[in-house]
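Residue strings, one per chain:
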Amino acid sequence: MHGNAQRTDRKTVLNSATTIRLTQYARGGGCACKIPPGELETVMAAVPAGTSGPRPLGELLVGTENGDDAAVVTTATGTLVMTTDFFGPVVDDAYDWGRIAAANALSDVYAMGGTPVVAVNLLAWPRETLPMELAAEVLRGGADTAAEAGCHLAGGHSIDDPEPKYGLAVTGQADPERLLRNDAGRPGMPLSLTKPLGIGVLNTRHKATGERFPAAVAAMTTLNAAASRAALAAGAVCATDVTGFGLLGHLYKLARASGVTAVLDPAAVPYLDGAREAVRDGHVSGGTRRNLDWVAPHTRFGPAVGEEERLLLADAQTSGGLLVAGEIPGAPVIGHLAPRGDHFVTVG
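These remarks concern the structure in this document. In this text the structure is predicted, and so the values were computed from the model without any measurement. (Residues numbered from 1 in each chain as written. Predicted model: local features only at pLDDT ≥ 70, side-chain atom pairs only at ≥ 80, totals over all residues. Heavy atoms only, no water.)

1. A few points about the overall build of the protein
Across its full length, the protein carries 11 helices and 13 strands. In the protein, which comprises 348 residues, the share counted as buried stands at 52%. Expressed as a percentage of contacts within the protein between residues at least 6 apart in sequence, the contacts between residues at least 24 apart total 85%. Put simply, the protein shows about 15,100 Å² of open surface, and 55% of that area lies on carbon and sulfur atoms. (Helix = DSSP H or I, 4+ residues; strand = E, 2+ residues; numbered from the N terminus. Buried < 20%, exposed > 50% of the residue type's maximum accessible area, 1.4 Å probe, protein only. Contact = heavy atoms within 4.5 Å. Areas by Shrake-Rupley, 256 points an atom, 1.4 Å probe, with all protein chains shown as cover.)

2. Side note on the sheet that holds strand S13 (residues 345–347)
Taken in spatial order, the 7 strands line up as S8-S11-S7-S12-S9-S13-S10 in an open sheet, and their pairing is mixed. Pairing within the sheet leaves two strands with one partner each, and these edge strands are strand S8 (239–241) and strand S10 (299–301). Sheet twist, expressed as the average angle between the axes of neighbouring strands with direction ignored, equals 20°. Bridge count for strand S9 (residues 260–264) against strand S12 (residues 333–339) is 5 bridges, and the pairing is antiparallel. Its bridge partner lying in S12, alanine 262 is registered against leucine 337. In this fold helix H8 (residues 246–258) packs onto strand S7 (190–193), S8, S9, S10, strand S11 (322–325), S12 and S13, with an angle of close to 150° to the strand it touches most, S9. (Pairing = 2+ DSSP bridges. Axes fitted to C-alpha atoms, helices over the stretch in contact; angles between N-to-C directions.)

3. Thoughts on the packing of aromatic side chains
What the rule picks out here adds up to 4 aromatic pairs. Judged by centre distance (5.0 Å) and plane angle (75°), the rings of tyrosine 252 and tryptophan 294 are edge-to-face. Of this pair, tyrosine 252 sits in helix H8 while tryptophan 294 is found in helix H10 (residues 286–295), placing the two residues 42 residues apart along the sequence. As far as burial versus exposure is concerned, tyrosine 252 and tryptophan 294 are alike and both buried. Aromatic rings pair up to connect Phe245, Tyr252, Trp294 and Phe344 into one cluster. The positively charged end of arginine 340 is found above the aromatic ring belonging to phenylalanine 344, 3.8 Å away from the centroid. (Phe/Tyr/Trp six-rings, centres within 6.5 Å; stacked < 30°, edge-to-face > 60°. Lys NZ or Arg CZ within 6 Å of the ring centre and 35° of its normal.)

4. Some words on the pairing of strand S4 (residues 115–125)
Sheet analysis places S4 next to strand S6 (residues 165–173), joined by 9 bridges and oriented antiparallel. Along S6, the bridge assignment pairs alanine 119 with valine 170. Two strands pair when backbone bridges link them, and S4 and strand S5 (residues 152–160) are joined in this way by 7 bridges, in the parallel orientation. When the bridges of S5 are listed, alanine 124 appears paired with isoleucine 159. On the question of chirality, the crossover connecting S4 to the parallel S5 by way of helix H4 (residues 132–149) is right-handed. (Right-handed = clockwise from strand over helix to strand, strands pointing away.)

Okay, structure coming up:
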């Protein structure tokens, strides 16, 4: 209780001393600020995969070939999972932003079936524009989330930058025989989603209006640790997390890597309260629209799936849930994998 009271008092002091809205310092919105997926794939096609030539200290099991969530390398002393993720403020509360960014970075390790072991901070801060006390709150939020995950957080790197950004570089461990990969989906597998959608449009509304959405913050700060353990316990071998490319984008990548068609039941997809209203009021990020443009040529939409539904399914999530090829206790089944058809994704 003493620790919680101290945290509340500190946040109260900071919030009462400033009217700063951190989201106004961000060009994009969390994972919605990713480079558009089509452009990114074009760039990555020209980058060596990193698998050629001898590597005496380890073998790369998972690299860039299928757009998995993290790199996996096996060494003489164990199998390592490595990733990094960072972005600008998605909420105005500095402490919550730190928690969200950390949970989002840790999620990549969980999405591979791994356990985070150690992380380092990545911080960009406009030191002449924003108080350093707010930067300390961001770092404190990240540290608390790392502690919740049982992951060491030691040091990192910071730069003076016009736009604030925060995230982590994370190293974890995994069993090489029990990885969750994009390319391991097979026809007949059900598809489960462990967090509701709508985070992106609610964050966009928050940035525009200042309205707070506690349920969205709760979703973004929930670690995917339990979901990952449940997927492994259920014998799943295929999964990804749902972040900046939206459900449709990540589903397309999974289906393409696995050589199958993903059949999605839009009526089974869960949403946060207020998500549909946010879309109807026009709070849709450019990243979400780019996601939809990217997946549309590879997706067959049923006649009842209108633009609102398509935008929600393509909504760029920040620290979203896991999309698992398998049934997970407590998670809705939103579709299944089928033999490869004319499209990689079928909706409705």
